[in-house]
Amino acid sequence: MAGRAPQVEEEDASELKLGHEFQEARCLMISEVAVVLDAYVNRRKEEAPDEQPNAVFEKCMEYCKRFNRFENPDAVHSVRELLSNQDLYEFEVGVIGNLVPENAQEAKALVPTLEDQRELEDEDIDQMLGTLHTYKTLQ
C-alpha cells in the first residue's frame with residue numbers, strides 16, 4: 001500500500017502564508033534594492049570604469065528607478081527603522097514601504113493582515129503613514 005504524500009499548505013500572502021522559504025526572510029523594499037545597486041555601480045565604476053553592466057542588471061536598475069519611493073539613502077534608512085519598530089511582519093514592512101498607502105483604510109486594503117494586527121490601531125497606522133509621507137517629501 002502506497003503512503004500518502006504529505007499535504008502541502010497552500011501559500012496565501014493575504015494570510016501571511018508565504019511558504020517555508022520566506023518564514024525568516026527579510027523583505028527588502030525597492031528603495032533599499034536601489035541603494036544597494038547604486039553602491040554597486042559606483043564601486044564598479046571605480047574598479048573597472050570601462051565595464052558596462054549587463055542587460056539584466058540594467059533592467060533591474062530601471063525597475064528600481066521607476067518604482068522607487070525614497071531616493072535619499074538616509075530616508076530609506078529612516079523608513080526601514082520606522083517600519084521595523086512597528087508591530088509589523090517583514091512582509092508587511094516590505095509592502096507598506098513599497099506602496100506607501102495614503103491612510104489606514106488603504107493600507108488595510110493592500111495588506112489584509114493589518115486588520116488582525118496585535119495592537120495596531122488605525123490612528124497608529126495613519127501616524128506611521130504620515131511619517132512615511134514626510135520622508136518622501138524630504139528628498
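**Overview of the nonpolar core**
Logical step 1: Core analysis: the largest hydrophobic core is formed by 21 residues, its most contacted members being L83, L88, I96, M128 and L132.
Logical step 2: Counting only elements with at least two residues in this core, the list comes to α3 (73-84), α4 (90-99), α5 (104-110) and α6 (122-137).
Logical step 3: The element that contributes the greatest number of residues to this core is α3, accounting for five residues.
Logical step 4: Sequence-distant contacts of L83, defined by excluding residues within four places in its chain, comprise M29, L88, V93, I96, G97, M128 and L132.
Logical step 5: Counting seven residues, the second largest nonpolar core, distinct from the first, contains A34, L37, V41 and C64.

**Some thoughts on α3**
Logical step 1: The end-to-end C-alpha separation of α3 is 16 Å, in line with the 16 Å expected for 12 residues at 1.5 Å each.
Logical step 2: Along α3, the residues classified as buried are A75, V76, V79, R80, L82 and L83. Seen along its axis, α3 keeps its buried residues to an arc of 165°; they face one direction. Residues of α3 that are exposed and point over 90 degrees away from its buried face: P73, D74 and H77.
Logical step 3: The inward-facing, buried residues of α3 abut α1 (30-47), α4 and α6.
Logical step 4: Between the side-chain oxygen of the N-cap and the backbone nitrogen of D74 there are 2.6 Å, and the N-cap of α3 in question is N72.

**Topic: the side chain of E92**
Logical step 1: Of note, E92 is situated in helix α4.
Logical step 2: There is a polar contact of 2.5 Å between the side chain of E92 and the side chain of T113.

**Overview of the packing of aromatic side chains**
Logical step 1: Under the criterion given, the structure shown has two aromatic pairs.
Logical step 2: Considering the side-chain rings of Y40 and F57, the 5.5 Å spacing of their centres and the 50° angle between planes classify their relative orientation as tilted. Remark: F57 occurs in helix α2 (residues 55-67) and Y40 occurs in helix α1; sequence separation between them is 17 residues.
Logical step 3: On the basis of an interplanar angle of 50° and a centroid distance of 4.8 Å, the ring pair of Y63 and F67 is categorised as tilted. Linking Y63 with F67, this pair stays in helix α2, spanning four residues, or about one helical turn.
Logical step 4: According to the relative accessible area criterion, F67 is partly exposed, its value standing at 34%.

**Overview of unusual backbone geometry**
Generally, phi is negative for residues other than glycine and the peptide bonds are trans, each holding for most cases.
Logical step 1: In this structure, V100 is a non-glycine residue whose phi angle is positive, near 45°.
Logical step 2: In this structure, V100 sits in the loop between α4 and α5.

**Some words on the pattern of salt bridges**
Logical step 1: Evaluation of the coordinates by the stated rule reveals seven salt bridges.
Logical step 2: Residue E47 pairs with R44 through a salt bridge whose shortest N-O separation is 3.0 Å. In this pair, E47 and R44 both sit in helix α1, three residues apart, roughly one turn of the helix.
Logical step 3: D122 is the partner of K108 in a salt bridge, and the nearest nitrogen-oxygen pair spans 2.4 Å. With a gap of 14 residues between them, K108 in helix α5 and D122 in helix α6 connect regions that are remote in the sequence.
Logical step 4: Here D122 falls in the partly exposed class, since its relative accessible area comes to 34%.
Logical step 5: What emerges from the salt-bridge pattern is a single network uniting R26, E32, R80 and E90.

Thresholds applied
Residues numbered from 1 in each chain as written. Predicted model: local features only at pLDDT ≥ 70, side-chain atom pairs only at ≥ 80, totals over all residues. Heavy atoms only, no water. Core = buried A, V, L, I, M, F, W, Y, C linked by side-chain atoms within 4.5 Å. Buried < 20%, exposed > 50% of the residue type's maximum accessible area, 1.4 Å probe, protein only. Helix = DSSP H or I, 4+ residues; strand = E, 2+ residues; numbered from the N terminus. Contact = heavy atoms within 4.5 Å. Expected span 1.5 Å × (residues − 1). Arc of directions from axis to C-beta. Polar contact = N/O pair within 3.5 Å; in protein donor to acceptor, adjacent residues only side chain to side chain. Phe/Tyr/Trp six-rings, centres within 6.5 Å; stacked < 30°, edge-to-face > 60°. Salt bridge = Lys/Arg side-chain N within 4 Å of Asp/Glu carboxyl O.

Any link to function would need more than the numbers given here.
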